[in-house]
Amino acid sequence: MLTVHHLGVSQSDKVVWLCEELGLDYELKVYERDPVTRLAPAAYKALHPAGTAPTIQDGEVTLAESAAVFEYILGKYGNGRLTVAADAPNYADYLYWFHYAAGTVQPAMLVEIIVAMLGIDRTQVAALTARGDNAWTSLEARLGQVPYLAGDAFTAADMMNFFTLTTGRLFVPKDLAPFPNIRAYIQRVLDTTKARAALAKADPGLDIPFA
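I will try to describe carefully the structure that is included in this document. (Residues numbered from 1 in each chain as written. Predicted model: local features only at pLDDT ≥ 70, side-chain atom pairs only at ≥ 80, totals over all residues. Heavy atoms only, no water.)

Counting its regular elements, the protein chain contains eight helices and four strands. Secondary structure of the protein chain in N-to-C order comes out as β-α-β-α-β-β-α-α-α-α-α-α. The C-alpha radius of gyration of the protein chain comes to 17 Å, within 12% of the 17 Å expected for a compact globule of 211 residues. Overall, the C-alpha framework of the protein chain stretches about 50 × 45 × 30 Å when taken along its three principal axes. By sequence separation, contacts in the protein chain at least 24 residues apart represent 66% of the contacts at least 6 residues apart. (Helix = DSSP H or I, 4+ residues; strand = E, 2+ residues; numbered from the N terminus. Rg over C-alpha atoms; globule rule 2.2 N^0.38 Å. Contact = heavy atoms within 4.5 Å.)

A few words now on the environment of Arg183. Relative to the helices and strands, Arg183 is located in helix 7 (residues 180-192). The class of Arg183 is partly exposed, set by a relative accessible area of 36%. Residues Arg183 and Leu143, spaced 40 residues apart in sequence, show a C-alpha to C-alpha distance of 9.7 Å. Dropping the residues within four chain positions of it, Arg183 is found in contact with Leu176, Ala177 and Pro178. For Arg183, the side chain forms a polar contact with the main-chain oxygen of Leu176, separated by 2.8 Å. (Buried < 20%, exposed > 50% of the residue type's maximum accessible area, 1.4 Å probe, protein only. Polar contact = N/O pair within 3.5 Å; in protein donor to acceptor, adjacent residues only side chain to side chain.)

Further remarks concern the packing of helix 3 (residues 66-77) against helix 4 (residues 91-118). Running from amino to carboxyl end, helix 3 crosses helix 4 at an angle of 135 degrees, the nearest separation of the two axes being 10 Å. Between helix 3 and helix 4, the crossing angle belongs to the class labelled oblique. Contacts from Ala67, Phe70, Glu71 and Leu74 in helix 3 reach Tyr94, Phe98 and His99 in helix 4. By residue class, the composition of the contact of helix 3 with helix 4 is five nonpolar, one polar and one charged. (Axes fitted to C-alpha atoms, helices over the stretch in contact; angles between N-to-C directions. Parallel < 35°, antiparallel > 145°, perpendicular 65-115°, else oblique. Nonpolar A, V, L, I, M, F, W, Y, C, P; charged D, E, K, R; others polar.)

This part covers the side chain of Thr55. Mapped onto the elements, Thr55 comes out in strand 3 (residues 55-58). Judged by relative accessible area, Thr55 falls into the buried class, the value being 0%. A polar side-chain atom of Thr55 sits 2.8 Å from the main-chain carbonyl oxygen of Thr52. Residues contacting Thr55, with those up to four places away along its chain left out, are Thr3, Val4, His5, Tyr44, Leu47, His48, Thr62, Leu63 and Ala64.

Before going further, it helps to examine the side chain of Glu140. One can find Glu140 in helix 5 (residues 126-142). Here Glu140 sits buried without a salt bridge, and the closest side chain of opposite charge, Arg183, lies 6.9 Å off (N-O distance). One polar contact links the side chain of Glu140 to the main-chain amide nitrogen of Asn181, over a distance of 3.0 Å. Reaching out from Glu140, the side chain makes a polar contact with the backbone nitrogen of Ile182 at a distance of 3.0 Å. (Lys, Arg positive; Asp, Glu negative; His and termini not counted. Salt bridge = Lys/Arg side-chain N within 4 Å of Asp/Glu carboxyl O.)

So this is what it looks like as structure tokens:
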């Protein structure tokens, strides 16, 4: 059976969402962060050499890294759902936005976390924070053109990026007032998918900033 090892308040919540969206039979194991350091416990770090969330197990397979986990589950259990066929006109769009989360948005978020932790004046590191600023404006622009990142239909590309727009803002607060398209998009995803119920299952009681 597929086992999702979910670290509380982490990107592994979207793997729970993926399994729920696909209607998969899976086991959910939840791990709490250390209350002082806010890091993963030793039991979670021992699951995979990377020691990071998400991590899944499926038979003899133990796999980490969000994009790899998503592609594995979609390839083995998705039956074409939540993806875009290689011969579809928007296939390149799907690929781009699917990998945008790990390739652009998450590194930019990490920079913002470090800047905040060290109390650095953002104006002094504008070259480092520019990528994050551009990520938000790029998402806003894209969502002014299409209802979902890959085009007209909700896909795994949306699921990959949704964490940053919502739960991720618990780590890096972001006022969404200047981003009406992103705000409308978040509500659209909540209204048309299993996101709200799945995220509540992963982190019950967590006040996720959807607005």
